[in-house]
Amino acid sequence: MTSERRKPKVQIFTQGCSANVADSEAIAGLLFEGGFEICQSEPDVVVLNTCTVKGPTETAFIRQLRTLEDSGTPVVIAGCLPQAEPRHSLLAKHSVVGPFEIAQIANVTGRTLRGEVVHLLSRKKARNLSLPVLPADPTVAIIPIAQGCLSSCTFCKTKQARGILRSVPRGEIMRAVRDRVAHGAREVWLTSQDNSAYGFDLSSNLAELLSDLVELDGDFRIRVGMANPDHFRSFWDDFCRVIGHEKIFRFVHIPVQSGSNAVLEQMKREYRVEEFEDQIVQLRERYPEMTFATDMICGFPTESVSDFEQTLSLVSRLQLDVVNISRFWPRPGTPAAKLKPISGGEVKRRSRVLTEVFRGVAAANNRRWHGWSGQVFFRERGKQGEFIGRNFAYKQVVLSSSESIEYPGSSPVQIVSSGTFSLRAEKLNPKKSSRSGCYPSSTSDNPVQSQQF
């Protein structure tokens, strides 16, 4: 009687955005189907799914790669870095697979284990959503709806990796969402390099896609990923209408990057601050409880003190809930990398000041939720065992580990306190809650409290 042959063990490390996480889930699914065991330690081979957005991210990748080289572990380098920098000095002796070649990952990994060095960096069509996935969290379906973008930002290297916009047809997206919901997904994250550009190459748009998706059966809610301001212009009214559907989180992520039009012009961002501000104001008037997220870059080379003060003013004026703050990092091969940089100390100072302003705004915004009650779907556990979920506006809600709830699952709660980044809740008696299903509608159970928004 012969013993069963041991499956080779592969460990996957992921850097970057939700699109990269989705790629890693497909990489894991393909490797699993290809006869590999996905492991968290003692691998026979490692797949590094890389990001090229920031200098520190690349530094972390280099440090990890050198550690693996010292240990003698075979490595496959995947993701944006090898696609954007195919001549990178560290790539020559390792196998590489670009984001357009994910379907070949099992073949490349197997050949790497046999001592071969394989480079696959061709640019094909947008990734096929029929690829098998092994989700990190079965309750979350991360759906890449496009690859690449239509912008030419002077600071960004991602387009060198992901290329020009290539949207996934609506029918394919709908099939993928329907399948993931049928297998337990309760949150559907639509991701790409720029969601507001979705469908422009297919004579369609994001609003049309959302209108189709909300008609699907199932108890789920959609999170719309990052969407640049300028591409909303041709379908703004339709977007404002559909974003209010009960199957879509009352959450938008519209990156402005700077509060100064002069800086936006140098960045080649194709909009003005006033356009971004008008979008936020219009959505807030229509949906007072909506959560607003944006991105800001501190220390772009041409950013003057006055430009920076305009950024501070914008964050304070619009009372934005989430501000993802990044220091400017010159990326090789981008136009902005040729500009004279601001001193590192000054960039750190500006980042610190902006962070302080944002934290004050975020804490004040969260205090407005005190007393709100409704259903929250809890799908995570914190370091102390607490339950972590999101309400209909994608606000993070934390429930004590001492509470008894079905996990993952939905529970009626009331907000009793808050911090800068989360709301603290207590469980309500189900008989006192009028909500049903995984998620509440946008109206608070407490009509007095809802008037505060």
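To start, this report covers the structure provided alongside it. Quick caveat, the model's predicted, so the values are computed rather than measured.

## With respect to the side chain of Asp-137
Then comes step 1: Of note, Asp-137 is situated in the loop between β6 (119-120) and β7 (140-144).
Then comes step 2: Once you skip the residues sitting within four places of it in the chain, Asp-137 turns out to touch Glu-25 and Arg-379.

## Digging into the sheet that holds β7
Then comes step 1: If you trace the 3 strands from one edge of the open sheet to the other, you get β7-β10-β11, paired in parallel fashion. Among the strands making up the open sheet, the edge pair consists of β7 and β11 (221-224). Pairs of neighbouring strands in the sheet enclose a mean axial angle of 25 degrees, with direction left out of account.
Then comes step 2: Sheet topology note: the β7/strand β10 (residues 187-191) ladder contains 5 bridges and is parallel.

## What about helix α4 (residues 105-113)?
Then comes step 1: Looking at α4, one finds that the buried residues are Ile-105, Val-108, Thr-109, Gly-110 and Thr-112.
Then comes step 2: Where α4 is buried, its residues touch α1 (18-33), β3 (45-50), β4 (75-79), β5 (95-97) and β6.

## Here's the deal with the pairing of strand β1 (residues 9-14)
Then comes step 1: Two strands pair when backbone bridges link them, and β1 and strand β2 (residues 37-38) are joined in this way by 2 bridges, in the parallel orientation. In the sheet register, Val-10 faces β2, and the bridge partner there is Ile-38.

## Side note on the environment of Val-21
Then comes step 1: Note that Val-21 resides in helix α1.
Then comes step 2: Residue classification places Val-21 among the partly exposed residues on the basis of a relative accessible area of 28%.
Then comes step 3: In sequence terms Val-21 and Phe-387 are 366 residues apart; their C-alpha atoms lie 23 Å from each other.
Then comes step 4: If near-sequence neighbours (up to four positions away) are discounted, Val-21 is found in contact with Thr-14 and Ile-142.

## Observations concerning the sheet that holds strand β16 (residues 387-390)
Then comes step 1: Sheet architecture is closed into a barrel: 5 strands sit in the order β15-β16-β17-β19-β18, paired in mixed fashion. Sheet twist, expressed as the average angle between the axes of neighbouring strands with direction ignored, equals 55 degrees.
Then comes step 2: Examined bridge by bridge, strand β15 (residues 373-381) and strand β18 (residues 409-418) share 6 bridges and lie antiparallel to one another. Looking across to β18, one finds that Phe-378 is bridged to Gly-409.

## Overview of the state of the cysteines
Then comes step 1: Under the counting rule described, the total for this entry stands at 0 disulfides.
Then comes step 2: The structure places no disulfide on Cys-153, whose sulfur is separated from the nearest cysteine sulfur, that of Cys-156, by 6.0 Å.
Then comes step 3: A residue is classified by how much of its surface remains accessible, and Cys-153, at 14% relative accessible area, is buried.

## Some remarks on a nonpolar patch on the surface
Then comes step 1: Taken together, the side chains of Leu-150, Ile-164 and Phe-200 make up a nonpolar region of the molecular surface, amounting to roughly 240 Å² of accessible area.
Then comes step 2: Classification of Leu-150 as partly exposed rests on a relative accessible area of 37%.

## Looking at the side chain of Ser-95
Then comes step 1: By secondary structure assignment, the location of Ser-95 is in strand β5.
Then comes step 2: Note on Ser-95: relative accessible area 1%, which makes it buried.

Parameters and conventions
- Residues numbered from 1 in each chain as written.
- Predicted model: local features only at pLDDT ≥ 70, side-chain atom pairs only at ≥ 80, totals over all residues.
- Heavy atoms only, no water.
- Helix = DSSP H or I, 4+ residues; strand = E, 2+ residues; numbered from the N terminus.
- Contact = heavy atoms within 4.5 Å.
- Pairing = 2+ DSSP bridges.
- Axes fitted to C-alpha atoms, helices over the stretch in contact; angles between N-to-C directions.
- Buried < 20%, exposed > 50% of the residue type's maximum accessible area, 1.4 Å probe, protein only.
- Disulfide = S-S within 2.5 Å.
- Patch = residues over 30% accessible without salt bridge, like charges linked within 9 Å, V, L, I, M, F, W, Y side chains within 5 Å.
- Areas by Shrake-Rupley, 256 points an atom, 1.4 Å probe, with all protein chains shown as cover.
- Salt bridge = Lys/Arg side-chain N within 4 Å of Asp/Glu carboxyl O.

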